[in-house]
Structures are given as structure tokens and as C-alpha cells.
Amino acid sequence: MNKPASVPEQFDVVVAGAGFSGLYMLYRLRQLGLSVKVLESAGDVGGTWYWNRYPGARQPEILEYLRFVADRHGLPSDIEFSATVTSARWDEPEKRWRITTDGGQEIRCRYYIMATGCLSMPKSPDIEGAGRFAGQVYFTSRWPHEGVDLTGQRVAVIGTGSSGIQSIPLIARQASQLAVFQRTPNFSIPAHNGPAPADRLERLAEDRDEYRDAARWSRGGVPIDPTDILGGTASEAVRRERFEAAWEQGELFGILNVFADQGVNPAANDIVAEMIREKIRSIVTDPGIAEALCPKDHYFGTKRPCLDTGYFETYDLPHVQLVDLRKQPIVSITEEGIETADESFGFDAIVYATGFDAMTGALVAADAAGRDGVSLKEKWAAGPSTYLGLMTTGFPNFFMLTGPGSPSVLSNMTVSIEQHVDWVAGCLENMRDEGLETIEPTALAEAGWNQHVQDCAAITLHPTANSWYMGANVPGKPRVFLPYIGGVNAYRQACDEVAAQGYLGFRLTGPGEDRCRDGVIRRMQPDVAMVLEFMAAAGMPPLETLSAADARALLAVTAEARPPGPEVGEVTDGVIPGPSGHLPYRLYRPAGPSEGLRPLVMYFHGGGWVLGNLDSDDPLCRDLCARSGAVVVSVNYRHAPEVRFPAAALDAFAAVQWADANAIELGGIPGQLAVAGWSAGANVAAVACQLARGAEGPHISGQLLVCPVVDSDMTRPSYTENGDGYILTTALMRWFWDHYADPADRGDPRAAPLHGNLEGLPEACIVTADFDPLRDEGVAYARALEAAGVPVRLVRARGHTHTSVTMVGVVISGAPVRAEIGEALRNFFPSAEPQEHVS
Ligand code: NA7
């Protein structure tokens, strides 16, 4: 019963919601001896499982279980049912939240925890005339608890997400006529509901703790073995076998794990998608209806795949009709039924299975305003912003369970809920023990986390879909990827590290206390981090412990396993007359007319003047060629220790002179010549520009320097920060320098171009990577060039290492950086269009 109270009640904590997360939160807070009030809109525990009782929802057992848990621990005595939070205000002087409910109650509390669920705020029907229908209206998300008898009725179902797909076969059993209004066909696989598989039960019985621990440290919160089979390279037989097994198993994480790359690689994704479409065509007899049911506008898994029982089979029933809204959109709901562009339908009942304002809807609706009176709705107008999906700046002591920016809906919710609740409980325990009163994330930590969440999504196919993950199902909702897709395991690791580092990125205050260890918990691109982990696990010996010959042999082996890089028009090998002997080169001509002339880019590979060759940078050269539209000529200069400083730089200069003199034979437009290089190759490219300027020729249009070596000073901060653990180490850089140049020569501008005269040099594009020891010297060179009047475009490869931007086809997050490089190269020249060759 809600009774207006004149004196506000006081609690340590108010929790909104009594579903899985609210119940477990209550249990843990009680253990800490904190006073708690749970406010729940519904008349009972259960959350999602209380509300979603549509036909086919597998909810009764789960709801029963939650009731059992609540009763066993006597939880209901701290829960107020039928009480909805209508507003929450942070009282800064009191350092408390003031909560009001729809019953007029006011409650004060130190901590306010939103356990309001991710799919709990139904989307209001955004269809013209929705209020006009005179018959029965039902929402799958608010299905009457006493059930609905649709026997003999003419029924419409609008929506073919999970709720529609699960309820349609059962509604079809009762209805005399059923019309399904489908806007977007969805991927669905048979659920094969029944007893849990014997092997899983055995594993649980053998060692329950091990099973649960494996779930906690898995990607999706379900302990499965992630495959390493790639869709592109698997044989047809393997593809078929893996797909059929997943189809038979009927589990979401199985069908999402047919290939390791189906979530990131369109070609691999399409193999799975097409196999599902084949299944649909084999089930549905009418080919036209089958085709209309085949999803084709999004990659498989980028919208939540559905699990069904006899869904596609339903369309073979004579009284079931599919209305394809792509062909005949709804014009209006009328008093009698639904009018589309082509037809008028009469119904006795309309069922809306139109989904939810997911992940943010319930949080925003509860009208919380933080320290400066700014509401969550205002703060999140352009999309949610959280730290770890748990808290948000400006809202002290305000926690969200499974909020945006946490794995939540992409994972086994219960596993994610437990992790969140345990983390919050640990945090509050720590605050109590340390005598602290408030906790709030910093702006820096929050911005860093938001960036990481988006970085994780950006390497997948997810952002391409109009899904509720992207907020795309609610008109006007900002298009932002809402959950964290980096994995339950990676997420748990990040949360644990934050706590272990004294609550990194949080400001904590208490009487006489104001502490903050500010920082960003994840700055590295997620795929770069994966490559580092993979390399660490492979246990490669540090290159600097090897001889030059052994290091070269090792790199040759690893190069063989790489993807080849993009197709280009033509690749030819040749030799250049160098200052002392021939230098091999490889020429990459862009696709397109072969006879036209193009701008010419002389490219020099990386490898610390010791390693590398025409093969080592082959994928990168292809990529540069394809992106820039220029002819790229990769030159293999002489290497140390066999031939030391300044041979590499002199070779590079000679190659540039030769290319200028022979531009037309190379397919280059005379006078449109740029240089490019990566690492030590960027060093010799930069030196070649200085030598060309000194020798008054040839004219160089631009210099692209990717993570260049431009100085021998190894004391800059980037050496301290990144000198170990990111592939190019301080020790390896020292090894390179020792092989290449005597200490006395290392200040020579032909070894350290930063020390040269920089006036009159060609315009530059310099790429620096965050986790590169050479980062700061690259920035220093850019600044010095600018000071000398040279136009510079400085490209920051955010979250990258010295090598990762060059890993074409491996590190997906490098592609946008290389797109920028390609644009810079094109801008060096008046036009990248092939020019007619008039001899
Ligand atoms: P979903 O998955 O959001 O599905 C809603 C469906 O309703 C989907 O097919 C929508 O088409 C359709 N829809 C929504 N608005 C309209 C309008 N205005 N006109 C026509 N069709 C519309 O919600 P569910 O409840 O099925 O499932 C939610 C989650 O619960 C599910 O993903 C699982 O995680 C469990 P659209 O695709 O937007 O074109």
C-alpha cells in the first residue's frame, strides 16, 4: 500500500526494481548491514518475467524460480510493490538522494540504484491512428496475467522480433484468421526447447563452481569454446557441418559461433546468413512468402537473432497471412482494423509486438536529476554516457545495473547482473570501511569509457544495422551503439582493475576526504589488444635477442600467415641502379586503365634498417596503392649490419632520383612524385626529402611518414611510457640503432632528420601511434616542420602501437587511419585520375 508520509523515510540505499538485479542487490546490501528499500512498479517480484507473459514466452519457470529465491531469503519484507519512482533529486548539501513515488512517498537515501532492466520500457505505438481501434488491443510486453483467449478471432500481430516470433505460432492455433504485419524479416533458428543437454548437466554436476567460473570469464556469459575457424578459409564441408550443428543445437551463442569472423567480416557473415535463408526457403512452401521472410537488409547477429518453435512453419497454414510492410506500409489503424497502402483489414484484436525503448528508456523515464539539477534525459540527449555502464558524471552515488556501456543484453543477463551487483556491493563496502560518502566518475574516465565502447563496436558489423542496440527502433532516439561488445570477460577484467587501482577514474569524498585517481582504464583499440595477447601467447623470442639473420627468418615465417592485402591492378618486380649495385623494387599499379599515368609514390619499408624487404610491407603497399590511386614503388634499400649508415638513406635518395628521371616508364606522371615510409623506412624517406632539397632536386610533392624514426634520443616520455610491451621496445630500438649507426653518427641529420634544416621541405603527413616509443619524436618532427613553414597533417593513430596500423586485414581499427593516410597521399597531388600518356 502506498501511503503519503509526512516525514521522509531514510534508508542507506533505495533500489528501483525487483527483477533479477534488484533482488540480488537487496540480498547483497543486507549482507553488508545496510538499510534498503526496494521500490517495484509491479505487484510482485520478477521484472521482465513478471511483465512478459505473451504466449510462447518461456517465463513461468523463471518467474517461479525468482519467487522461490525471494521467499527463501525473506526479501519481500524490504520491497514495496506497486510503487513507481516518479523523481529522484540529488541533494548536494545533504549528500543524499530524495526519491518520490507515484504514491506521494518521499524517501531519502545515500545511494540510489537503478535495477530497472534493459527491455522494460515498451515502445509506444508509433503508428498513425493507434488509439482508434475499437477491438481488443494487447501488448506482448504487458500481456494480461489471466491470459487471453483468441479462439475464433481475427487477429493482427504487428512486429516480428523475438516477442512476435515466439507468440505468432501459438496465436495461430487459436485465431480464425491471423495477419502478421512484418516491417523487417528477422533471422530465427529453432529453439528446440526441452531438457538441458546431458553433457552440460554432467559438467555442472561434476564441478558447479568451475562451470560458473567459466561462464563469468567467457565472452557472452555462457561457457562455450570460441571457434578459431574462419568463414572465408573453411571448406564447404566444414562450413556446412558447423552450421548444421548450430542449427540443431538451437542456442544463440552456438549460431553466433559458427565462424570466428562472422561478426566482423561481411563475407563470413553472409555464409551463415545464406544458410539460414536456405532453411527458411526449405520450410515455407510458397516461394514468394519464403522470400519475404528472408532477412536481407542486415548482417546476421547485428539485430538480436530470434529463437522460435515452429515460426516459419506457421506461414504454411491457410488462415495465416504475411503482410509485407516494405511493399504495403501501414497507412493507419482504423476503428475496424488496419489500413495499408493496398488493403483494408478488419480485426477483432491487435497484438503489438513492437519492442522497447531499450537500455535507456527506463533509466531516463525515472526522472533523475544530479548535482547541478541536470536530468539524465538532458545529459543523455545525444546518447548515453557512462563509466563502465555503472555510473555517470554529475550523478553522485547513482548506480545503474546493466546500464548502457555494459555487456548486458549481449550476454547471459544473469551472469552480467551478478557481476554488476557484486561490483557495486564491493564498492559500497569499501566506501563504508573507508568512511567515504560520495562516489562519482570523472569526466575523463567517462569519456574514455564511452570511446572504448564505441571502438569495440566499430570493429564489428553491428553499427550497420537499424537495431534497438543502435537505438534505431525508436523515432528520434540518437544513433549510438548502446551495449558493450568487448565481452563479459574483458568487461569484468576492466571493472576489477578499476577497483584494484583504488577506483581509478572515480572521485571519492567523505569528511575531510577528497580523493581521485583520474585516468582512463582502456585506451588501446580492442583488436590491437587482441593481437598483443595473441603474440604474447605465441611466445615469440624478443627480436633483439636474436642475430639479424634469425630475426629476419622469424619475420618471414610470421609474414606467411598474414592476409595478403587488397587486390591491385598489377604488381611487377624490377631493379633500380643504386649507388653501389642494384636495388630490387616492387611496383603496384592501381586497378583501372593500365595505360594511363598516375602520381608516383616511392615507398620504403620498416624494420629498423636491419629487417624487412619487399614482402614484409607488401599488404600495406597494396593498401596504400588501392587507397591513393597512385603507382606505389616499394624499394629494398641496403640493410645493416651488413652495410651501415648512411647506406640506407643514400639508397633511398638514389631511388627517388631514379624514379623522377624514369617516371613515365614506371607509369608515373612526371613531376608528381611523393615519398612514403614506415618506421625506419619513414626515416630514410624523410632523409631523402632533405637530400633532394639540398641537391636542388628532384621535386618531391609530399612525404608520408608513418611512425617515423627521426631522432636517436631515447629519453622522450613516449619511450618511458611505451618502451616495453608494445612490440617495438626500447631494447629493440637500441638493437636497431646499434646495428645501423655508430653513436657519433646518430646526431647526423641523415640518421636523425629532426636535426636537419627543415626549411623548404615537401608538405608532410605524419602518423603517430599512442603506444609507440617513437610517438613523441614523430610529434616533434611535425612541430619542427611547421615551425619551418612546412604544411603538416598530423594523424594520431589512437589506441595503436608502432606496428598495428600496418596490419592490413588483421587490425580492423587501423583501416580508418589508413583511409586518412590515403586521403593525405591523394592530396599531395593535383589529381589521382589517370592521365593520358602523350609521348
Ligand atoms: P523487437 O526485437 O524490437 O521487435 C519489434 C518488432 O516490431 C520488429 O519487428 C519491428 O520492426 C517491429 N516494429 C516496431 N515498430 C513498428 C512499427 N511502427 N510498424 C511496424 N513494425 C514495427 O522487440 P521484441 O519485444 O520482439 O524483442 C525484444 C528483445 O527481447 C529481443 O531482442 C530479445 O533480446 C528479447 P523493425 O525491425 O524495427 O523494422
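Everything numeric in this text was worked out from a predicted model, so none of it was measured.

1. Here we look at the overall build of the chain
For the chain, the count of helices and strands is 25 helices and 29 strands. Each principal axis of the C-alpha distribution contributes one length, and for the chain these read about 90 × 75 × 55 Å. By residue count, 55% of the 839 residues in the chain fall in the buried class. Here the contacts in the chain between residues at least 6 apart in sequence split such that 73% fall between residues at least 24 apart. Of the roughly 33800 Å² that the chain leaves accessible, carbon and sulfur atoms contribute 52%. One way to put it: in the chain the 70 positive side-chain charges average out to a point 3 Å from where the 104 negative ones average out.

2. Focus on the site of the ligand
As a matter of local geometry, the ligand sits amid 20 residues, with Lys123, Asp126, Ser163, Thr184 and Lys303 nearest to it. Note that an oxygen atom of the ligand is positioned 2.9 Å from one of the backbone N or O atoms of Thr160. At 2.6 Å, a side-chain N or O of Ser163 approaches an oxygen atom of the ligand. Here the ligand loses 88% of its free accessible area of 770 Å² to cover by the protein chains. Across the shell around the ligand, the residue classes tally to 7 nonpolar, 8 polar and 5 charged.

3. Brief notes about the pattern of salt bridges
Where charged atoms from two side chains of opposite charge come close, those side chains can pair. Tallying each qualifying case throughout the model produces 56 salt bridges. Each of Asp270, Glu274, Arg277, Arg281, Glu291 and Lys296 takes part in a single network of salt bridges with overlapping partners.

4. Thoughts on the pairing of strand E16 (residues 349-352)
Side chains of E16 alternate between two faces, with Ala349 and Val351 and Ile350 and Tyr352 buried alike. In the sheet, strand E7 (residues 136-139) pairs with E16 via 4 bridges, with the strands oriented parallel. Counted as the bridge partner of Tyr138 is Val351 from E16. Across 4 bridges, the pairing between strand E8 (residues 154-158) and E16 is parallel. Paired with Val155 across the two strands is Ala349, which belongs to E16.

5. Overview of the side chain of Lys37
Secondary-structure assignment places Lys37 in strand E2 (residues 36-39). Look at Lys37 and you get buried, because its relative accessible area is 13%. Side chain to side chain, Lys37 and Glu80 meet in a polar contact 3.1 Å long. If we ignore the near neighbours within four places in the chain, the residues touching Lys37 are Glu9, Phe11, Val13, Val14, Val15, Asp78, Glu80 and Ile107.

6. Comments concerning the packing of aromatic side chains
Going through the model one piece at a time under the given rule, you end up with 35 aromatic pairs. Centre to centre, the rings of Phe187 and Phe300 are 5.2 Å apart; their planes meet at 85 degrees, and the pair counts as edge-to-face. One end of the pair, Phe187, is in the loop between strand E9 (177-182) and strand E10 (188-190); the other, Phe300, is in the loop between helix H10 (287-293) and strand E11 (306-308), with 113 residues separating them in the sequence. Both residues of the pair, Phe187 and Phe300, count as buried. Aromatic pair Trp423 and Tyr503: ring centres 5.6 Å apart, planes at 75 degrees, arrangement edge-to-face. Linking Trp423 in helix H13 (residues 413-434) with Tyr503 in the loop between helix H15 (488-500) and strand E20 (506-510), this pair joins segments that are 80 residues apart in sequence.

7. Points about the sheet that holds strand E19 (residues 438-441)
Remark on secondary structure: sheet strands pair via backbone hydrogen bonds, oriented parallel or antiparallel. With antiparallel pairing, the 3 strands of this open sheet are ordered in space as E19-E20-E21. Edge strands, defined here as strands with exactly one partner in the open sheet, are E19 and strand E21 (513-516). In this sheet, adjacent strand axes meet at a mean angle of 15 degrees when their direction is disregarded. Judged from the 4 bridges that link them, E19 and E20 form a sheet pairing that is antiparallel. Each bridged residue has a counterpart across the sheet, and for Ile439 the counterpart in E20 is Leu508.

8. Details of helix H25 (residues 815-827)
The end-to-end C-alpha separation of H25 is 18 Å, in line with the 18 Å expected for 13 residues at 1.5 Å each. Among all positions of H25, only Val817, Arg818, Ile821, Gly822, Ala824 and Leu825 are buried. Buried residues along H25 cover an arc of 160 degrees about the axis, so they all sit on one side. Buried-residue contacts for H25 involve strand E24 (598-604), helix H18 (618-628), strand E27 (702-706), strand E28 (763-771) and strand E29 (792-801).

9. Let's talk about unusual backbone geometry
Look at the link from Ala640 to Pro641: it is a cis peptide, with omega at 0 degrees. Within the secondary structure layout, Pro641 lies in the loop between strand E25 (631-635) and helix H19 (647-661). Residue Pro698 is reached from Gly697 by a cis peptide bond, and omega for that bond is -5 degrees. By the element assignment, Pro698 lies in the loop between helix H21 (680-694) and E27.

10. Focus: the environment of Ile700
Along the polypeptide, Ile700 turns up in the loop between H21 and E27. A relative accessible area of 6% places Ile700 in the buried class. For the pair formed by Ile700 and Val601, sequence separation is 99 residues and the distance between their alpha carbons is 9.7 Å. Contact partners of Ile700, with chain neighbours within four places excluded, come to Val656, Leu673, Ala674, Val675, Ala688, Cys689, Ala692 and Pro762.

11. Overview of the packing of H19 against H21
Running from N to C, H19 and H21 point in directions that differ by 60 degrees, and their axes come no closer than 8 Å. In the packing of H19 onto H21, the handedness of the crossing is right-handed. For the pair H19 and H21, contact is made by Ala648, Ala649, Leu650, Ala652, Phe653 and Val656 and by Val684, Val687, Ala688, Leu691 and Ala692, respectively. Its residues placed into classes, the contact of H19 with H21 shows 11 nonpolar, no polar and no charged.

12. Some details on the pairing of E21
A regular strand places its side chains on the two faces of the sheet in alternate fashion. Pairing of E20 with E21, which is carried by 4 bridges, proceeds in the antiparallel orientation. Along E21, the bridge assignment pairs Thr509 with Asp514. Between E20 and E21, which pair antiparallel in sequence order, lie 2 residues; one of them, Gly512, sits at a positive phi of approximately 70 degrees.

13. A few points about the nonpolar core
Ranked by internal contacts, the top residues of the largest apolar core, which has 65 residues, are Met602, Phe604, Trp609 and Tyr781. Looking at which element gives the most residues to this core, the answer is H21, with 9 residues. Non-local contacts of Phe604, meaning those with residues more than four positions away in its chain, are made with Val635, Tyr637, Ala652, Ala655, Val656, Ala676, Gly677, Trp678, Gly681, Ala682, Val684 and Ala685. Leu32, Trp449, Phe481 and Leu508 belong to the second-largest nonpolar core, a separate cluster that totals 60 residues.

14. With respect to a negative patch on the surface
Among the surface-exposed residues, Asp199, Glu202, Glu206, Asp207 and Asp209 lie close enough to one another that they form a single negatively charged patch. With 3 residues, helix H5 (residues 198-206) is the single largest residue contributor to the negative patch. On the basis of relative accessible area, Asp199 is assigned to the exposed category, the value being 56%.

15. Examining the sheet that holds strand E13 (residues 330-333)
Here we have 3 strands laid out as an open sheet, ordered E13-E14-E15, and antiparallel in their pairing. On the outer flanks of this sheet lie E13 and strand E15 (344-346), each paired with one strand and no other. Each adjacent strand pair in this sheet contributes to an overall mean axis angle of 20 degrees, direction not counted. Pairing analysis gives 3 bridges linking strand E14 (residues 337-340) to E15, with the strands arranged antiparallel. Within the sheet, the bridge partner assigned to Gly337 lies in E15 and is Gly346.

16. Notes on the packing of H18 against H25
In contact at an axis separation of 8 Å, H18 and H25 are set at 55 degrees when each is read in the N-to-C sense. Put simply, H18 runs oblique to H25. As for the relative orientation of H18 and H25, their crossing is right-handed in sense. Judged by residue contacts, Leu620, Asp623, Leu624, Arg627 and Ser628 of H18 engage Ala815, Arg818, Ala819, Ile821, Gly822, Leu825 and Arg826 from H25. Split into classes, the residues belonging to the contact of H18 with H25 amount to 6 nonpolar, 2 polar and 4 charged.

Conventions used here
- Residues numbered from 1 in each chain as written.
- Predicted model: local features only at pLDDT ≥ 70, side-chain atom pairs only at ≥ 80, totals over all residues.
- Heavy atoms only, no water.
- Helix = DSSP H or I, 4+ residues; strand = E, 2+ residues; numbered from the N terminus.
- Buried < 20%, exposed > 50% of the residue type's maximum accessible area, 1.4 Å probe, protein only.
- Contact = heavy atoms within 4.5 Å.
- Areas by Shrake-Rupley, 256 points an atom, 1.4 Å probe, with all protein chains shown as cover.
- Lys, Arg positive; Asp, Glu negative; His and termini not counted.
- Charge placed at Lys NZ, Arg CZ, Asp CG, Glu CD.
- Near = heavy atom within 4 Å.
- Polar contact = N/O pair within 3.5 Å; in protein donor to acceptor, adjacent residues only side chain to side chain.
- Nonpolar A, V, L, I, M, F, W, Y, C, P; charged D, E, K, R; others polar.
- Salt bridge = Lys/Arg side-chain N within 4 Å of Asp/Glu carboxyl O.
- Pairing = 2+ DSSP bridges.
- Phe/Tyr/Trp six-rings, centres within 6.5 Å; stacked < 30°, edge-to-face > 60°.
- Axes fitted to C-alpha atoms, helices over the stretch in contact; angles between N-to-C directions.
- Expected span 1.5 Å × (residues − 1).
- Arc of directions from axis to C-beta.
- Left-handed = near helix turned anticlockwise from the far one by under 90°.
- Core = buried A, V, L, I, M, F, W, Y, C linked by side-chain atoms within 4.5 Å.
- Patch = residues over 30% accessible without salt bridge, like charges linked within 9 Å, V, L, I, M, F, W, Y side chains within 5 Å.
- Parallel < 35°, antiparallel > 145°, perpendicular 65-115°, else oblique.

The values reported here are purely geometric and, on their own, carry no functional implication.
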